[in-house]
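# Structural overview for review
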Amino acid sequence: MAHPAIGVRTLELVDPRFYHLDTAPGVLDDRTIAYHPAAFSARSRRLLDELFPDAIIATDADAAVLGLNLVSDGLDVVMTDRAPHLEAELREAGFRPVTVDLSELLKGGGGVKCCTLELQETRSCPTRSSPTV
């Protein structure tokens, strides 16, 4: 069952170590996220708690190694091998973590999600016109 449409919500990051939203929450499926509460303002934490009451809470150690910069298909979760607490929490919640050594990528401030390209399906595709000769 998909999460009801919630529209766009503003979240405020307050810890400079977590410089964009790929570093502090991780989307696991339509209804579940993992996140690091200390990265967010009190208002944002309240909103996340309201929208995702079953969220998995990541520790500071998980978040510091970009453990939340993950990719999930709703069951399998590709993530760093340096966040064992988060890995255990995901298993406990019924997900299947697939850990990868990202130590070199982490040196440059990146994680799993940084290695992906999102493809989005569009409802209508413009037609291409043939080149004129």
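As a starting point, this report considers the structure included with it.

## So, helix α3 (residues 84-92)
Taken together, the buried positions of α3 are L86, E87 and L90. Within α3, the buried residues cover an arc of 105 degrees as seen down the axis, which keeps them to one side. Across α3 from its buried face, at more than 90 degrees, point the exposed residues P84 and E92. In the core, the buried residues of α3 are packed alongside β2 (33-35), β3 (56-57), α2 (60-64), β5 (76-80) and β6 (96-100). Once α3 finishes, G94 follows within two positions and takes phi at roughly 100 degrees, a positive value.

## Remarks on the sheet that holds β3
Reading across from one edge, β1-β2-β3 is the order of the three strands in this open sheet, with mixed pairing throughout. The open sheet has two edge strands with one neighbour each: β1 (25-27) and β3. Across three bridges, the pairing between β1 and β2 is antiparallel. Looking at the pairing, V27 lines up with I33 of β2.

Calculation rules
Numbering of residues starts from 1 in each chain and follows the order in which that chain's sequence is written. At least 70 in pLDDT is required for a residue's local features to be given in this predicted model, at least 80 for side-chain atom pairs to be given and counted, and no such filter applies to totals for whole chains, interfaces and linings, which use all residues. As a convention, hydrogens and water are excluded, and side-chain values are obtained from all of the structure's heavy atoms. Exposed residues in this analysis have more than 50% of their type's maximum accessible area, buried residues have under 20%, and partly exposed residues fall in between, with area computed by a 1.4 Å probe over protein chains only. Labels follow the DSSP assignment, with helices taken as runs of H or I lasting at least four residues and strands as runs of E lasting at least two, numbered in each case from the N terminus. What the arc covers is the set of directions going from the helix axis to the C-beta atoms. We call two residues contacting when some pair of their heavy atoms lies within 4.5 Å. Here a strand pair is declared whenever DSSP counts at least two bridges between the two strands.

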